[in-house]
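Take a look at the letters that make up each chain.
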Amino acid sequence: GLIRPDTQFYDSGVIEVGGRTIMNWDKRGHGLVTMTDVLAMSLNVGSAYVSTHLGAERFYNYLQRFGFGRPTGVDLDGEVGGTVRKPGDPDWHESDLGTNSFGQGVAVTPLQMVTAVAAVANGGALMQPYVVAQRVSGDGEVITAQPAVVRRPISAETARTLTEMLVEVVERQATRAAVPGYRIAGKTGTAQTPIPGGYDPNSTIASFVGYAPADDPLFIVLVKIDKPRLSPWGSEVAAPVFRRIAEQLFVLMGIPPQE
């Protein structure tokens, strides 16, 4: 309730959190912007403004509610929980509240990311992911997996609001993910590749996650490209892959155009 899509913020291009200076990816300030602008333009400074405005307790509570920092419990062996440092942890610093807001210093698995974004697509319900649809016992008993809600990290109203914001992201910034005739909600991601002691300045992890149709989602797709060569940006290398996959899914699933 503290932040709305039209909440305004003056982006000078720089913000200091816990003694650390945070800048936007393009090293520029963008003046007076809304939260939808922050999301569409991937403004680190705006994200840090949001996390510091929320405060550490509320911000990290939401990270946990969306499932980051813990295994999803999927029916596969060897799942890890990723890394989320929190206040009280010996290696947490006040500056983390700013950098964690746009993903730096947080390690997540692709399955965690899909599960979290799917909670927005599902009207605020975070679902239990599973791979095996059915198990048949030796005596012929069939056990069928059923969709199960783990918890609700956000309200249905907030989920609808976020979906509309993510549709605008695709229409304004991630245009290479767009499929004519369909409303797609999605977000690009570009992360520096972590190395011992910091980040590799010359390589990235480019990604795009999206779901469609936005008003009644039937699928979600995450594209993750390690160390892309043609471009470092998720909007340029991952978004087009999503579009090609989505075009085929619309046909295979018999989803008619909405427009």
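All of the points below concern the structure found in this document. Everything numeric here is computed off the predicted structure, so don't read it as measured data.

Considerations on the overall build of the protein chain
Move 1: Within the protein chain, the regular secondary structure consists of eight helices and eleven strands.
Move 2: The principal-axis extents of the C-alpha atoms in the protein chain amount to approximately 65 × 45 × 40 Å.
Move 3: Expressed as a percentage of its 259 residues, the buried residues of the protein chain come to 41%.
Move 4: Considering only residue pairs separated by 6 or more positions, the protein chain has 59% of its internal contacts joining residues 24 or more positions apart.
Move 5: Element-wise, carbon and sulfur atoms account for 53% of the exposed surface of the protein chain, whose accessible area totals about 14000 Å².
Move 6: Here the protein chain holds 22 positive side-chain charges and 26 negative ones, and the gap between their average locations is 2 Å.

Some points on the environment of proline 256
Move 1: Note on placement: proline 256 falls in the segment after helix 8 (239-252).
Move 2: Using a relative accessible area of 56% as the deciding quantity, one classes proline 256 as exposed.

Overview of helix 6 (residues 156-172)
Move 1: Spanning 17 residues, helix 6 covers 24 Å between terminal C-alpha atoms, matching the ideal 24 Å at 1.5 Å per step.
Move 2: Residues Ala159, Thr163, Met165, Leu166, Val167, Val169 and Val170 constitute the buried set of helix 6.
Move 3: In this fold, the buried residues of helix 6 make contact with helix 1 (35-41), helix 5 (110-121), strand 9 (185-195) and strand 10 (198-212).

A closer look at unusual backbone geometry
A negative phi angle characterises most non-glycine residues, just as the trans form characterises most peptide bonds.
Move 1: Here the amide bond leading from alanine 212 into proline 213 is cis, since omega sits at -15°, within 30 degrees of zero.
Move 2: If you trace the backbone, proline 213 turns up in the loop between strand 10 and strand 11 (219-226).
Move 3: A positive phi angle, near 55°, is found at serine 42, a position not held by glycine.
Move 4: Mapped onto the elements of the fold, serine 42 is located in the loop between helix 1 and helix 2 (44-54).
Move 5: Look at lysine 227: it is not a glycine, yet its phi comes out positive at around 50°.
Move 6: Tracing the sequence through the fold places lysine 227 in the loop between strand 11 and helix 7 (234-237).

Digging into the packing of aromatic side chains
Move 1: In this structure the tally under the stated criterion is seven aromatic pairs.
Move 2: What links up through ring pairs into an aromatic cluster is the set Phe59, Tyr60 and Trp92.

Describing the environment of arginine 172
Move 1: Note that arginine 172 resides in helix 6.
Move 2: With 65 residues separating them along the chain, arginine 172 and valine 237 place their C-alpha atoms 17 Å apart.
Move 3: Among all residues touching arginine 172, those that are not within four sequence positions of it are Thr36, Asp37 and Ala40.

Thresholds, definitions, all that
- Residues numbered from 1 in each chain as written.
- Predicted model: local features only at pLDDT ≥ 70, side-chain atom pairs only at ≥ 80, totals over all residues.
- Heavy atoms only, no water.
- Helix = DSSP H or I, 4+ residues; strand = E, 2+ residues; numbered from the N terminus.
- Buried < 20%, exposed > 50% of the residue type's maximum accessible area, 1.4 Å probe, protein only.
- Contact = heavy atoms within 4.5 Å.
- Areas by Shrake-Rupley, 256 points an atom, 1.4 Å probe, with all protein chains shown as cover.
- Lys, Arg positive; Asp, Glu negative; His and termini not counted.
- Charge placed at Lys NZ, Arg CZ, Asp CG, Glu CD.
- Expected span 1.5 Å × (residues − 1).
- Phe/Tyr/Trp six-rings, centres within 6.5 Å; stacked < 30°, edge-to-face > 60°.

These figures capture arrangement, not role.
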